[in-house]
Amino acid sequence: MQAVLKVAPAVAAGCPLVLKPSPLASLTCVKFFAELLGPCAPRAAVNLLTGGPPSTPAARATEALTRDPRVALASFTGSGTGGRAVLEASAANLRPTSLELGGKGALLVLDDADVDAAADFAALGILQCSGQVCSATSRLLVHESLEEALLEKLLAKVDAVVVGDPLDEASTMGPVVSEAQRAKIEDAVAAALSTGGAELVSKPVDVDERGYYVAPAVLRNPRDDAPAWTEEIFGPVLCVRPFRDDAEAVAAANASPYGLAHAVFTADRRRGDAAAAGLDAGVVWVNNNQLLWPSTPFGGAKRSGFGWEGGEAGLEEYQQRKTVISAPHGWHMGCYPG
């Protein structure tokens, strides 16, 4: 899906392209190019570069690609570290660059919200793809009057998750992408419990150690400076905190270096619109979460990057505006008679 978000508008705009997928998730792109895109495209119009980790020749080729002045546009989805490297490479060539980076999304549940719907979308926002989603709403801000009721419904969903082989029909959540990512997630949860002031309110789940499986975790009341609250974990870890009024909720959501996507739940459309206007993010969902269509522009603010994917805005990233001013043959302004 991430590849199509870049390939489709590039092809539609008539641009030849080189796609470089993550070395940890290349096989779907290989199949996509080999069986679908490649046979339909003119020779050399679409190209795929795989490889990694950094010490390999293919990774050095990736660096050469990002620094090559013949590349007219760089579009990157990934971490802030990777985004900075791409932007630095583009800076030398003054090259347009689009970055879709990390997020630390908040889901705000106002005091008049539908608790059932909020619990359902809160679970979706942190469990889909094992939490490996840049737009994941990994911070749950709930009005203090609804906190207990919402947590009860949410935990019933989280505690029922079956972590296991994604090819097993009984599984409802699969693994994370690598051993290193699994360790990072487990370390973040352990730190939140030991020094971050958080309480684990979800049930511990035994997972199969033969795969990169992690148990979903719901952490209650982490401190403002706890990494689990401030940093993107990229795993099924949800932090929950209460608030007293709408302004406090919006301020807490905005107190993050990221600004990709947030969600707001309320029965009052005016309150939802006001909260959406106040949230510093590229995307805000009101009474839903994670819904996107091909026509939906998607992009971030602050450290979540800049540029757009999807819709006309995403297509325009792969196009260059040009102004042509034309006059009839023989026309002149007559400013200097003589």
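In short, a report on the structure. (Residues numbered from 1 in each chain as written. Predicted model: local features only at pLDDT ≥ 70, side-chain atom pairs only at ≥ 80, totals over all residues. Heavy atoms only, no water.)

Quick notes on the nonpolar core
Right, so step 1: Judged by nonpolar contacts, the single largest core of 38 residues is most densely connected at Val-109, Leu-140, Leu-150 and Leu-154.
Right, so step 2: Elements that contribute at least two residues to this core include exactly β5 (106-109), α5 (115-127), β6 (139-143), α6 (147-159), β9 (237-243), β11 (261-265) and β12 (283-286).
Right, so step 3: In terms of residues, this core owes the most to one element, α5, which gives eight residues.
Right, so step 4: Residues within four places of Leu-150 in sequence aside, it is in contact with Val-109, Val-115, Ala-118, Ala-119, Leu-140 and Val-142.
Right, so step 5: Membership of the second largest hydrophobic core comes to 25 residues, among which are Leu-141, Val-176, Val-189 and Ala-253. (Core = buried A, V, L, I, M, F, W, Y, C linked by side-chain atoms within 4.5 Å. Buried < 20%, exposed > 50% of the residue type's maximum accessible area, 1.4 Å probe, protein only. Helix = DSSP H or I, 4+ residues; strand = E, 2+ residues; numbered from the N terminus. Contact = heavy atoms within 4.5 Å.)

Brief notes about the pattern of salt bridges
Side chains bearing opposite charge may pair, as long as their charged atoms lie close to each other.
Right, so step 1: Counted according to the given criterion, the structure contains 17 salt bridges.
Right, so step 2: Through salt bridges with shared partners, a single ionic network connects Asp-111, Asp-112, Asp-246 and Arg-271. (Salt bridge = Lys/Arg side-chain N within 4 Å of Asp/Glu carboxyl O.)

Side note on the packing of aromatic side chains
Right, so step 1: Counted under the stated rule, the structure contains two aromatic pairs.
Right, so step 2: Ring centres 5.7 Å apart and planes at 85° place the aromatic pair Phe-32 and Phe-33 in the edge-to-face group. Like Phe-33, Phe-32 is buried.
Right, so step 3: Ring plane angle 35° and centroid distance 5.7 Å describe the contact between Phe-121 and Phe-265, whose orientation is recorded as tilted. Here Phe-121, found in helix α5, pairs with Phe-265, found in strand β11; they are 144 residues apart in sequence, far enough to count as distant.
Right, so step 4: Judged by its relative accessible area of 18%, Phe-121 falls in the buried class.
Right, so step 5: When its relative accessible area of 1% is taken as the criterion, Phe-265 is described as buried.
Right, so step 6: In this structure, Arg-139 is placed above the aromatic ring of Trp-229, and the distance from its NZ or CZ to the ring centre is 5.4 Å.
Right, so step 7: Cation over ring: Arg-241 sits above Trp-229, and NZ or CZ is 4.6 Å from the ring centre. (Phe/Tyr/Trp six-rings, centres within 6.5 Å; stacked < 30°, edge-to-face > 60°. Lys NZ or Arg CZ within 6 Å of the ring centre and 35° of its normal.)

Some words on unusual backbone geometry
Right, so step 1: Phi at Ala-44 takes a positive value of approximately 70°, unusual for a residue other than glycine.
Right, so step 2: Position of Ala-44 among the secondary structure elements: in the loop between α2 (27-40) and β2 (46-48).
Right, so step 3: Even without glycine at this site, Leu-94 takes up a positive phi of about 50°.
Right, so step 4: As for its placement among the helices and strands, Leu-94 is situated in the loop between α4 (80-91) and β4 (97-100).

What about the sheet that holds strand β8 (residues 217-220)?
Right, so step 1: Taken in spatial order, the seven strands make up an open sheet running β7-β8-β9-β6-β5-β11-β12, and their pairing is mixed. Taken across any chain shown, the strands that pair with only one partner, and hence form the sheet edges, are β7 (199-200) and β12.
Right, so step 2: Where β6 meets β9, five bridges bridge the pair, whose relative direction is parallel. Counterpart to Arg-139 in the pairing with β9 is Cys-239.
Right, so step 3: Across the sheet, α6 lies against β5, β6, β8 and β9, angled at about 160° from β8, the strand it touches most. (Pairing = 2+ DSSP bridges. Axes fitted to C-alpha atoms, helices over the stretch in contact; angles between N-to-C directions.)

Concerning the pairing of β5
Right, so step 1: Here β5 shows no split at all, with Ala-106 and Leu-108 on one side and Leu-107 and Val-109 on the other all buried.
Right, so step 2: Note: β5 against β6, four bridges, orientation parallel. When the bridges of β6 are listed, Val-109 appears paired with Val-142.
Right, so step 3: With α5 bridging β5 and the parallel β6, this β-α-β connection has right-handed handedness.
Right, so step 4: In this structure, β5 lies alongside β11, joined through three bridges in parallel fashion. Residue Val-109 lies in a different strand from β11, and its bridge partner there is Phe-265. (Right-handed = clockwise from strand over helix to strand, strands pointing away.)

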